[in-house]
Amino acid sequence: MADQQLTSETNGLRMGLYTAVILIVYTGVAAMAGFLGHIEAGALDIIILIAGIVLAIMRLKRVRGNRLSYFQGFSTGIVTALTASALLGAFFWLLGGISKAAVQQIQARDLFGADLGVLIGGLGIILMGTMTGVITSLIAMQYFKSPDHQPIASLD
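Just so we're clear, the structure is a prediction, and the values are computed from it rather than from any experiment.

**Here's the deal with the overall build of the protein chain**
What the protein chain contains, in helices and strands, is five helices and zero strands. Along the protein chain, helices and strands appear, N-terminal first, in the series α-α-α-α-α. Among the 156 residues that make up the protein chain, the fraction classed as buried is 37%. The contacts of the protein chain with a sequence gap of at least 6 include a subset with a gap of at least 24, amounting to 78%. Summing over all exposed atoms, the protein chain offers an accessible surface of approximately 9300 Å²; the carbon and sulfur share of this is 70%.

**Describing the nonpolar core**
Core analysis: the biggest nonpolar cluster contains 24 residues, and L23, L49, I57 and L95 have the highest contact counts within it. Sorting the residues of this core by element identifies α1 (8-33), α2 (39-63), α3 (70-98) and α5 (118-144) as the ones contributing at least two each. Ranked by residues supplied to this core, first place goes to α2 with seven residues. Discounting chain neighbours no more than four positions away, the residues touching L49 are T19, L23, A81, A84, S85, G129 and T132.

**Description of the packing of aromatic side chains**
Under the counting rule described, the total for this entry stands at two aromatic pairs. Taking the centre distance of 6.5 Å and the plane angle of 55 degrees together, the rings of Y26 and F35 count as tilted. Residue classification places F35 among the partly exposed residues on the basis of a relative accessible area of 31%. Judged by centre distance (4.9 Å) and plane angle (80 degrees), the ring pair of Y143 and F144 falls under edge-to-face. Judged by its relative accessible area of 65%, Y143 falls in the exposed class.

**Some thoughts on the environment of A84**
Here A84 lies in helix α3. A residue is classified by how much of its surface remains accessible, and A84, at 0% relative accessible area, is buried. Taking the C-alpha atoms as reference, A84 lies 8.7 Å from T130; in sequence the two are 46 residues apart. A84 has contacts with G16, T19, A20, L23 and L49, leaving out every residue within four places of it along the chain.

**Quick look at the side chain of S75**
When you line up the elements, S75 lands in helix α3. Residue S75 is classed as buried on the basis of its relative accessible area, which comes to 10%. Within the structure, the side chain of S75 is placed 3.0 Å from the side chain of S8, a separation counted as a polar contact.

Thresholds applied
- Residues numbered from 1 in each chain as written.
- Predicted model: local features only at pLDDT ≥ 70, side-chain atom pairs only at ≥ 80, totals over all residues.
- Heavy atoms only, no water.
- Helix = DSSP H or I, 4+ residues; strand = E, 2+ residues; numbered from the N terminus.
- Buried < 20%, exposed > 50% of the residue type's maximum accessible area, 1.4 Å probe, protein only.
- Contact = heavy atoms within 4.5 Å.
- Areas by Shrake-Rupley, 256 points an atom, 1.4 Å probe, with all protein chains shown as cover.
- Core = buried A, V, L, I, M, F, W, Y, C linked by side-chain atoms within 4.5 Å.
- Phe/Tyr/Trp six-rings, centres within 6.5 Å; stacked < 30°, edge-to-face > 60°.
- Polar contact = N/O pair within 3.5 Å; in protein donor to acceptor, adjacent residues only side chain to side chain.

Below is the structure:
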């Protein structure tokens, strides 16, 4: 069985690819439909990313026989988020090259009034997605840690 040899990195990469495909399809449909500039569109991106991270951790725990170290789950969540966010950022750069109108829907302005370009927008997507993944993984691992996990004893 190949799944018995599943590592947190390969699991995170695979689930990150699946999550990225869903995010890219959703973002492409939102851009074509013209609602990419609404705040709800970005919120749904984050919800999809969080669901992908939680599913990746659940999958790794199931394959490991419900025995998952904290670091294994934490790292698979981060790799999932980084992979999905990097691919979504790359799609955003591609979208900016293909359709200026789609990107202008969400074009941000900095404090001094200059338009922020597609490159900065894509980097922002990667940063925000990865940081969301770190926080989500920390929270999710409180729920998914192994039942035999023992907290560190106090020095008192």
